[in-house]
Amino acid sequence: MYLHVGNNKSIREKNIIGIFDTDNASMSPQTRKYLVDAEKEGMLEAASNEIPKSFIVYSDKESDFADRGKFKICFSQLSSSALLGRIKNLNS
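Residues numbered from 1 in each chain as written. Predicted model: local features only at pLDDT ≥ 70, side-chain atom pairs only at ≥ 80, totals over all residues. Heavy atoms only, no water.

### Some remarks on helix α3 (residues 80-90)
Next, step 1: Considered for burial, the residues of α3 that qualify are S80, L83 and I87. Each buried residue of α3 lies within a common arc of 65° when the element is viewed along its axis, so the set occupies one face. Relative to its buried face, α3 has exposed residues pointing more than 90 degrees away, namely S81, K88 and N89.
Next, step 2: Packed against the buried residues of α3 are β1 (2-6), β3 (16-21), β5 (54-59) and β6 (71-76). (Buried < 20%, exposed > 50% of the residue type's maximum accessible area, 1.4 Å probe, protein only. Helix = DSSP H or I, 4+ residues; strand = E, 2+ residues; numbered from the N terminus. Arc of directions from axis to C-beta. Contact = heavy atoms within 4.5 Å.)

### Notes on the sheet that holds β6
Next, step 1: Taking strand neighbours across the sheet as the criterion, the four strands line up as β3-β5-β6-β4 in an open arrangement whose pairing is mixed. Edge strands, defined here as strands with exactly one partner in the open sheet, are β3 and β4 (44-46). With strand direction ignored, the average angle separating the axes of adjacent strands in the sheet is 20°.
Next, step 2: Bridge count for β5 against β6 is six bridges, and the pairing is antiparallel. Counted as the bridge partner of S59 is F71 from β6. (Pairing = 2+ DSSP bridges. Axes fitted to C-alpha atoms, helices over the stretch in contact; angles between N-to-C directions.)

### Let's talk about the pattern of salt bridges
Next, step 1: A complete count under the given rule lists two salt bridges for this structure.
Next, step 2: In this structure, K9 engages E45 in a salt bridge whose closest nitrogen and oxygen atoms are separated by 3.1 Å. Here K9, found in strand β2 (residues 9-12), pairs with E45, found in strand β4; they are 36 residues apart in sequence, far enough to count as distant.
Next, step 3: Classification of K9 by relative accessible area gives partly exposed; the value is 22%.
Next, step 4: Exposure remark for E45: the relative accessible area of 24% places this residue in the partly exposed category.
Next, step 5: Here D37 makes a salt bridge to K33, at a shortest N to O gap of 2.7 Å. In this pair, D37 and K33 are both assigned in helix α2 (residues 29-40), four residues apart and thus about one turn of the helix distant. (Salt bridge = Lys/Arg side-chain N within 4 Å of Asp/Glu carboxyl O.)

Structure, rendered in structure tokens:
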């Protein structure tokens with residue numbers, strides 16, 4: 001199953017590692033550093049040009065996270081609660 005995260009961007013549900021609220025998560029200096037480093041490495045993408053409300057960390061490999069260096073981050077204009085609601089609807 002795929003989770004639609006906005007503007008024609010879908011991520012395979014089994015590859016999702018976490019869904020985070022942008023406002024709450026970015027308060028931590030460690031998270032901000034992680035996001036800055038990920039941007040430098042070209043791991044960030046946006047599902048929309050709008051201000052992001054959440055971000056999804058996911059594996060871009062089909063190998064069940066065997067290669068831990070291949071994570072990507074996708075910013076979404078949808079809230080983390082809306083994305084979690086979509087996942088629940090997929091699984092029911």
